[in-house]
Each structure stands twice: as C-alpha cells, then as structure tokens.
Amino acid sequence: MNGTPRTLNRILIGVLGFKLLAIGVLLILLATVPAVAAWWQGWAAGVWSIWRDLFERTRFPGRAESWLWIVVVLMLLLVIGAMVAWVAQQGKGRSNFLVSGEDPGEVPGNVRIGSGVAEQALRAALADRPDLAGATVATYEFRGEPALRIRIQPRHGVAPHRLAAEVSALVEALDVALGKRTLVLIHIASGARSRFGRAERVR
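Analysis parameters
Residues numbered from 1 in each chain as written. Predicted model: local features only at pLDDT ≥ 70, side-chain atom pairs only at ≥ 80, totals over all residues. Heavy atoms only, no water. Core = buried A, V, L, I, M, F, W, Y, C linked by side-chain atoms within 4.5 Å. Buried < 20%, exposed > 50% of the residue type's maximum accessible area, 1.4 Å probe, protein only. Helix = DSSP H or I, 4+ residues; strand = E, 2+ residues; numbered from the N terminus. Polar contact = N/O pair within 3.5 Å; in protein donor to acceptor, adjacent residues only side chain to side chain. Right-handed = clockwise from strand over helix to strand, strands pointing away. Phe/Tyr/Trp six-rings, centres within 6.5 Å; stacked < 30°, edge-to-face > 60°. pLDDT = per-residue confidence, 0-100. Contact = heavy atoms within 4.5 Å. Pairing = 2+ DSSP bridges. Axes fitted to C-alpha atoms, helices over the stretch in contact; angles between N-to-C directions. Salt bridge = Lys/Arg side-chain N within 4 Å of Asp/Glu carboxyl O.

1. A few points about the nonpolar core
Where a protein is soluble and globular, its nonpolar side chains tend to be buried together.
Part 1 of the argument: Residues L148, I150 and I152 are the most contacted members of the largest nonpolar core, which totals 17 residues.
Part 2 of the argument: Mapped onto this core, the elements with two or more residues apiece are β1 (97–102), α4 (115–127), β3 (132–142), β4 (145–154) and α5 (160–178).
Part 3 of the argument: It is α5 that contributes the most residues to this core, 5 residues altogether.

2. Here's the deal with the side chain of T182
Part 1 of the argument: With respect to the secondary-structure elements, T182 resides in the loop between α5 and β5 (183–188).
Part 2 of the argument: Overall, T182 belongs to the buried group, its relative accessible area being 8%.
Part 3 of the argument: Among the polar contacts listed, one links the side chain of T182 to the side chain of D175, at a separation of 3.3 Å.

3. Side note on the pairing of β4
Part 1 of the argument: Burial runs high along β4: 7 of the 10 residues are buried.
Part 2 of the argument: At this point the chain moves from β4, through α5, to the parallel β5, and the crossover so formed is right-handed.

4. Details of the environment of Q41
Part 1 of the argument: Note that Q41 resides in helix α2 (residues 34–57).
Part 2 of the argument: Separated by 11 residues in sequence, Q41 and L30 have C-alpha atoms that sit 9.9 Å apart.

5. Comments concerning the packing of aromatic side chains
Part 1 of the argument: Tallied over the full model, the rule gives 5 aromatic pairs.
Part 2 of the argument: Taken together, a centroid distance of 6.1 Å and an interplanar angle of 20° make the contact between W39 and W43 stacked. Here W39 and its partner W43 are both found in helix α2, 4 residues apart, which amounts to about one turn of the helix.
Part 3 of the argument: Taking relative accessible area as the criterion, W39 reaches 48% and is therefore assigned partly exposed.
Part 4 of the argument: Here W40 and W43 contribute two aromatic rings whose centre-to-centre distance is 5.3 Å and whose plane-to-plane angle is 35°, an arrangement assigned as tilted. Of this pair, W40 and W43 both sit in helix α2, 3 residues apart, roughly one helical turn.
Part 5 of the argument: Taking relative accessible area as the criterion, W43 reaches 44% and is therefore assigned partly exposed.
Part 6 of the argument: Through a chain of ring-to-ring contacts, the aromatic side chains of W39, W40 and W43 assemble into a single cluster.

6. With respect to the confidence of the model for the chain
Part 1 of the argument: The pLDDT averaged across the chain works out to 80; a share of 85% of its residues lies at or above 70.
Part 2 of the argument: For the chain, the element scoring lowest by mean pLDDT is helix α6 (residues 192–196), at 50; helix α1 (residues 6–32) scores highest, at 90.
Part 3 of the argument: Every residue in residues 196–203 scores below 50 in pLDDT, and together they form 7 contacts with partners more than four places removed in sequence or on other chains.

7. Notes on the sheet that holds β5
Part 1 of the argument: Pairing is mixed in the open sheet, where 3 strands are placed in the order β3-β4-β5. What marks the edges here is a single partner per strand, and that holds for β3 and β5. Taking the axes of each pair of neighbouring strands and ignoring which way they run, one obtains an average angle of 15° across the sheet.
Part 2 of the argument: Looking at chain direction, β4 and β5 are connected through 6 bridges and run parallel. Paired with A147 across the strands is L183, a residue of β5.

8. Description of the pattern of salt bridges
Part 1 of the argument: Considering all chains together, one arrives at 5 salt bridges under this definition.
Part 2 of the argument: Linking D131 and R129 is a salt bridge whose minimum nitrogen-to-oxygen distance equals 2.7 Å.
Part 3 of the argument: Here R162 and D131 are joined by a salt bridge, their closest N and O atoms 3.9 Å apart. Of this pair, R162 sits in helix α5 while D131 sits in the loop between α4 and β3, and the two are 31 residues apart along the sequence.
Part 4 of the argument: The class of D131 is buried, set by a relative accessible area of 1%.

In structure tokens form, the structure reads like this:
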C-alpha cells in the first residue's frame, strides 16, 4: 500500500547478493586453488600498474597530486546522494489524515480527523486479545484516498477467517463513528511469536 519501490529494491538486493556470492567464490578459489591464486597475482599487478600510470599522467602541473582524486570524490558524493534518495523513498505513502473534507453545515470550513484516532482506537481494541500475538495499524494513501492497513498475528490454532470477520466488525463500528467508509487491508501474518509462542485457548 505504501510507496516503497519494491521492484527496484529487489533488483538492488539481487545485484548485491550476486556480487557478494561472486566475491565469496573468488576468495574460496584463491585460498584453495594455487592456479587461481597465481592468476590473481598477475592480474592484480597489471591492473595496479595501469592505475598508477594513469594517476602519474594526470598530475597537476608542478604538483604530485592527480586531479583524478577530485573525480573520485565527486563520484563518492553522487553515490552518497543516490543512497540518501533511495532511503528517502522507503515507506512513503503514509497519510496523516483519515478524514479530510468540507463541512456541509451552516459554518463553512474543513473537517479533518487525524489517522492517529483510528490507529489508537483499533490498537486498543486489539491489544488485550488472548488470541493475538501482535497487531499493528497504520494509515496509508491508496489511489488518493486514506486507507487503513491492519496487520495481525494470530496465535497457533486460531481460525484466520474468524479473526478477519471480527476485525471487519471493528472497522465497521469505526466507520459509523466517523461517518465515513474507510478502505481497509487486513493482513493476517504468521511470525515467530505466533509459531513459537505458547498456545492459548480463547474462552
């Protein structure tokens, strides 16, 4: 429901995982295969010689420093900026208001109900249930409209369809109190707490 670029994240994770796997395989081969170690020494010496000659040819006139260091710093700044922009895209789409609109009454104005009202009310209603290992409620913007994302972790042996029906009843009561029907996503998940936690019978 949020604006997290999941496809881009999966691509980046896949590329990073492939690189780490290749580095790991190379390190194992360097430690166990003498022919690979000899090839690596020759290849690394040649690459180091090329880079050393390149830095020597790009020195400032009358100085020992190379202007390539400035290029390296600029590239590092670009990488840092891209990383900051990527982090800023994670989790976007949160909404601060659940209801926002004009008041049709006699006094002109806008009515806004914060998302925390619904989130706290639903969390309080789900907090003391013995059949739940955990529950989180958040408000996101979905197709221009605020929507609630309710994530619950039932304990072992609890019927998911019954939980979904009971949570839906809570949301319907909230809609009646707010006077507005709200989009809702009910996510029933199984986590470590529900798998390994002590099973409790609901009386």
